[in-house]
Amino acid sequence: MPPCILGIETSCDETAAAVVTLEGQVLASTLSSQDDVHRQYGGVVPELASRRHVERIEFVVKDAMDHAGIRYRDLQAVAVTRGPGLAGSLVVGVSFAKAVAYAANVPLIGVNHLGGHVASAWLGVSDLSFPCVVLVASGGHTHLFYVPSRETFQLIGHTLDDAAGEAFDKGAKMLGLGYPGGPELDRLARSGNCTSVHFPRPYLKRGGLNFSFSGLKTALLYYLKDLEAQGIPYSVADIAAAYQEAIVEVLVAKAFRAIRQRNVKGLAVVGGVSANSRLREVLTLEASAQDVNLALPPLEYCTDNAAMIAAAGCQAFRLGDTSSWDLDVEPDFLTSLKNGVEVSTF
Ligand code: KG4
Ligand code: ZN
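Here the structure is a predicted model, which is why all the values come from computation and not from measurement. (Residues numbered from 1 in each chain as written. Chains lettered and ligands numbered in written order. Predicted model: local features only at pLDDT ≥ 70, side-chain atom pairs only at ≥ 80, totals over all residues. Heavy atoms only, no water.)

Asks: So what exactly am I meant to see when it comes to the nonpolar core here?
Replies: What tends to happen in soluble globular proteins is that the nonpolar side chains get buried as a cluster. Counting residues in each nonpolar core, the largest one holds 46 residues, and the members touching the most others are Phe199, Phe213, Ile247, Leu251 and Leu267. Among the elements that make up this core, the one with the highest residue count is helix 8 (residues 236–262) (15 residues). Those residues within four positions of Leu251 in sequence are excluded, and the remaining contacts are Leu135, Thr142, Ala164, Phe211, Phe213, Val273 and Leu279. Counting residues in hydrophobic clusters, the runner-up holds 28 residues, among them Ile8, Val78, Val80 and Ala104. (Core = buried A, V, L, I, M, F, W, Y, C linked by side-chain atoms within 4.5 Å. Buried < 20%, exposed > 50% of the residue type's maximum accessible area, 1.4 Å probe, protein only. Helix = DSSP H or I, 4+ residues; strand = E, 2+ residues; numbered from the N terminus. Contact = heavy atoms within 4.5 Å.)

Below, the structure written as structure tokens:
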């Protein structure tokens, strides 16, 4: 049995566990989605999320261990997301991880959720080398990192308001699409005309690497209000495609601006939004035009998962950087993250 690490992720609304070898091979990755719980509210309800984690965590961890075909005593360590995320949800994963690590007599490793997303860049077939730039675009974050090595990353740009995934989700809600909105909007936009409307490209012209998506959301709101007030019929698919195009164009432009500014040749785009089909298409075209080495995680590792947490845990384990038994959750980690600050992957 190759030496491996159990990863546990419960920062938001996915209960996930995975077993990854120290070489980075995923032996098992199990995920229990809570979409059925939160759909009726149109967003994640923190109290319900933590309760569902309590109900599912044992089954999910056992399932990952069974699929990997290993026993607890075969583990080298247990890695768990310590933040950022919902406090009540994080507590469930951290408590369970402590129990497993203590019982198996192996080290516990607290992992930064963003570091996990960064680590997902190497989970697929990827020959991305260092230094590189990683864009984390998800429901909670839109962060550009300069990554000099597997151990650290430095924030070089971030959203000033909504995250890209939030822009997708809120736009989808305004367009009357289902939950979760991002994937629904992606699907519908495939049959729409992205040039039918020109939505603003927020912060595109400005030289920096920061993002802002709240104005785009407002532009969509007023555009729909105008159409409805005038009784003009419209194609939801066309508007979805045009709205998506504005988000994609800004993400791609800033990511490539970052690699030019940092003079690197490698770019990874990770996080839930990196599952977006149009974003993947435009990134791939641009990377080949600019001779950039692009890494996109396989779809299952774009959205929250535990394989990325175990992968980040492997880095920490190699460096002997383990946590103590009083490891606490860090729900607000993001608020302390400022441009230029270098942080550890774990
Ligand atoms: O990484 P993730 O699972 O959770 C966070 O850490 O936030 O990202 C979830 C976000 C949601 O906003 C979801 O709508 C968005 O990623 N997302 C997508 C797609 N799949 C997931 N957005 C656009 N297109 C998609 N295909
Ligand atoms: Zn995430």
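Asks: Help me out: how do you make sense of helix 7 (residues 214–230) in this one?
Replies: Because each turn of an α-helix spans 3.6 residues, side chains separated by three or four positions end up pointing in the same direction. Spanning 17 residues, helix 7 covers 25 Å between terminal C-alpha atoms, matching the ideal 24 Å at 1.5 Å per step. Where helix 7 is concerned, the buried positions are Leu216, Lys217, Leu220, Leu224 and Leu227. Taken around the axis of helix 7, the buried residues stretch over an arc of 105°, which confines them to a single face. Every exposed residue of helix 7 that faces more than 90 degrees away from the buried side is listed here: Ala229 and Gln230. Buried residues in helix 7 make contact with helix 5 (164–174) and helix 8. (Expected span 1.5 Å × (residues − 1). Arc of directions from axis to C-beta.)

Asks: Explanation requested: the site of ligand 1 in the structure shown.
Replies: Around ligand 1, 19 residues are found, and the nearest of them are Gly139, Gly140, Asp169, Asp186 and Asp304. Contact between ligand 1 and His113: an oxygen atom at 3.3 Å from a side-chain N or O atom of the residue. In the model, an oxygen atom of ligand 1 is placed 2.5 Å from a nitrogen or oxygen of the Asp169 side chain. Look at ligand 1: alone it shows 550 Å² of surface, and the protein chains cover 88% of it. (Near = heavy atom within 4 Å. Polar contact = N/O pair within 3.5 Å; in protein donor to acceptor, adjacent residues only side chain to side chain. Areas by Shrake-Rupley, 256 points an atom, 1.4 Å probe, with all protein chains shown as cover.)

Asks: Even after reading the chapter, I still don't get the state of the cysteines, so can you show me in this structure?
Replies: One covalent bond between the sulfur atoms of two cysteine residues makes up a disulfide. One pass over the full model with this rule turns up zero disulfides. Between Cys132, a free cysteine, and Cys302, which holds the nearest cysteine sulfur, the sulfur-to-sulfur gap is 16 Å. (Disulfide = S-S within 2.5 Å.)

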